[in-house]
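# Descriptive structure summary
What follows is each chain in one-letter form.
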Amino acid sequence: MSREWILRVTCPDATGIVHAVTGVLASLGANITESQQFSSPDSLQFFLRVQFVTHNDAGAETLESALAEAAHRFDMTVSLQPVEKKTRTLVLVSKAAHCLNTLLFQQSSGQLPIDIVGVAGNHDSLRSLAEFHGHDFHHIPITPETKDAAEARLRRLVDELDVELIVLARYMQILSPDLCARLEGRVINIHHSFLPSFKGAKPYHQAHARGVKIIGATAHYVTPDLDEGPIIEQDVARVDHNRNIADFVQRGQDVEAAVLARAVAWHAEGRVLMDGHRTVVFN
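Below you will find a few notes about this structure. (Residues numbered from 1 in each chain as written. Predicted model: local features only at pLDDT ≥ 70, side-chain atom pairs only at ≥ 80, totals over all residues. Heavy atoms only, no water.)

### With respect to the packing of aromatic side chains
Spelled out, the test is: When two rings of Phe, Tyr or Trp (its six-membered ring) have centres within 6.5 Å they constitute a pair, described as stacked for plane angles under 30 degrees, edge-to-face for angles over 60, and tilted for the intermediate range. Think of it in three bands: with a 1.4 Å probe and only protein chains considered, a residue is buried below 20% of the maximum accessible area for its type, exposed above 50%, and partly exposed in between.
Going through the model one piece at a time under the given rule, you end up with 1 aromatic pair. With centroids separated by 6.4 Å and ring planes inclined at 25 degrees, the aromatic side chains of Phe38 and Phe47 adopt a geometry described as stacked. Of the residues examined, Phe38 reaches a relative accessible area of 31% and is grouped as partly exposed.

### Points about the environment of Asn101
Note the following rule: Segments assigned H or I by DSSP are reported as helices when at least four residues long, segments assigned E as strands when at least two residues long, and all are numbered from the N terminus.
Inspection of the secondary structure assignment puts Asn101 in helix α3 (residues 98–108). With a relative accessible area of 37%, Asn101 lands in the partly exposed category. Separated by 164 residues in sequence, Asn101 and Ala265 place their C-alpha atoms 15 Å apart.

### Focus on the pairing of strand β5 (residues 87–93)
Quick note on the threshold: In this scheme, strands are said to pair when DSSP sees at least two bridges between them. With the strands pointing away from the viewer, any crossover whose connection runs clockwise from the first strand over the helix to the second is right-handed.
Where burial is concerned, most of β5 is hidden: 6 out of the 7 residues are buried. Both β5 and strand β6 (residues 114–121) contribute to a ladder of 7 bridges, which runs parallel. By the bridge assignment for β6, Leu92 is matched with Ala120. You can see the chain leave β5, run along α3 and come back into β6, and the turn it takes is right-handed. Direction of pairing for β5 relative to strand β8 (residues 165–168): parallel, over a ladder of 4 bridges. Bridge assignment links Leu90 to a residue of β8, and that residue is Ile166.

### Topic: unusual backbone geometry
In this structure, Asp162 takes a positive phi of about 55 degrees despite not being glycine. Summarising the element assignment, Asp162 is placed in the loop between α5 (147–160) and β8. Positive phi outside glycine occurs at Arg170, with the angle close to 60 degrees. Along the polypeptide, Arg170 turns up in the loop between β8 and α6 (177–182).

### A closer look at the layout of surface pockets
How we decide: Definitions used for this entry: grid spacing 1 Å over protein atoms alone; cavity, a set of points where a 1.4 Å probe fits but cannot get out; pocket, an open set with protein on both sides within 12 Å along at least 5 of 7 lines; lining residue, one with an atom within 4 Å of a point. Grid points are joined across faces, edges and corners, and a volume is the space filled by probe spheres set on the points. Gly falls in the polar group here, along with every residue not listed as nonpolar (Ala, Val, Leu, Ile, Met, Phe, Trp, Tyr, Cys, Pro) or charged (Asp, Glu, Lys, Arg).
Roughly 520 Å³ of volume is contained in the second largest pocket. For the lining of the second largest pocket, the elements supplying multiple residues, two or more each, are β1 (3–12), β4 (77–82), α8 (245–268) and β12 (272–275). Partitioned by chemical class, the residues of the lining of the second largest pocket number 7 nonpolar, 9 polar and 5 charged.

### Regarding the sheet that holds strand β2 (residues 31–39)
To be explicit about the condition: Axis lines are fitted to C-alpha atoms, over the contacting stretch for helices. Their N-to-C directions set the angle, which ranges from 0 to 180 degrees. Here a residue-residue contact requires only that any non-hydrogen atoms of the pair lie within 4.5 Å.
Overall, antiparallel pairing links the 4 strands, which are arranged β2-β3-β1-β4 in an open sheet. Looking at the sheet topology across the chains shown, the edges are occupied by β2 and β4. Geometrically, the sheet is characterised by an average inter-axis angle of 10 degrees between neighbouring strands, direction not taken into account. With 10 bridges connecting them, β1 and strand β3 (residues 45–54) associate as antiparallel partners. Note that in β3 the partner of Ile6 across the bridge is Gln51. Across the sheet, helix α2 (residues 60–73) is in contact with β1, β3 and β4; its angle to β4 comes to roughly 160 degrees.

### Quick word on the pattern of salt bridges
Condition: Every case where a carboxyl oxygen of Asp or Glu lies within 4 Å of a side-chain nitrogen of Lys or Arg is listed as a salt bridge.
In total, this model carries 17 salt bridges according to the counting rule given. Glu84 serves as the salt-bridge partner of Arg3, at 2.9 Å between the closest nitrogen and oxygen. One end of the pair, Arg3, is in strand β1; the other, Glu84, is in the loop between β4 and β5, and 81 residues separate them in sequence. Judged by its relative accessible area of 31%, Arg3 is partly exposed. For Glu84, a relative accessible area of 43% corresponds to the partly exposed category. We note a salt bridge from Glu164 to Lys85, for which the minimum N-O separation is 2.7 Å.

Here's what the structure looks like:
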C-alpha cells in the first residue's frame, strides 16, 4: 500500500545530514517526490523538508524508529505527517467577509489542505456565510467587561474541537498574551502592510490621503508582541492617483485574502519552519 509523507528536520548545520536522511529513506524503499533544504548563515541551523512515498505498510512509528539514530547523531528535531492529513482549523472573524470567503471557497474546492471545524466571531454578521458552506458558527460577543469570559469560552472551543490551527481572518480583537503564548506557532493573522505607518480602523483611507503607490498585506504568526510575530507571507499591489478610496479598499482586500490563504496552505503543508524569530518557507 502506497502512502505519501512529509518529513521536516531542523538541526545544527553539519556535513552529511541529507545523506543520513535520504539513506534511511532509501533503505526503506521510499521514493522522494520533493526535497528542499536551507543552511542559515545567521543561526547556523539546517532546515530540510522532504516529501516521499512508501510502498509498504510502514507507519509513523516505523519511520521514526528508522530515523532515530540519525536524529540522535545530528541532534535533529523531526516532524513527520502523512500528506493526506488535514489540519483542524478554527477561523475567527468580525465583520469583514473577504478573507473568510476565500478560505471557505478554497477549502471546499480542495485547494487548502485544512479541515475547517468551525467559524467563531465576536459579531454575528458572517453566520450565514459560514453556514452556507456547511460550517458551524459560534457567536462569542466581546465587550471590555466580558473579554476574559469570552476568551475563556474561546479556549474551551479550541479544546472541544481539537483545534490545531487558528486563523484570524480580519478578527478585530487582540488575544491575551497568555493565550498567544499557549498557542505559539498555531495562530496566523493577516493585516495590511501599512502598519505601523497607517494604524487604526481606516488604513486605506489614510493611505489614499497620503498618495501611496503600493498597498499590501502581511500574514504572520501571532505572538504577545502585537503584529510583530514571524512573517510567513507578504504581497503588494500597485496603485496610483487615478484610484479612489473604494479601489484602494478592494485592491487591499484582494491582497489580504490571497496572502492569508497562501500562508495557511504553507503552514498546513508543513512548509514553514522557524529560524529564531524568522521563518524558513519552502514554498
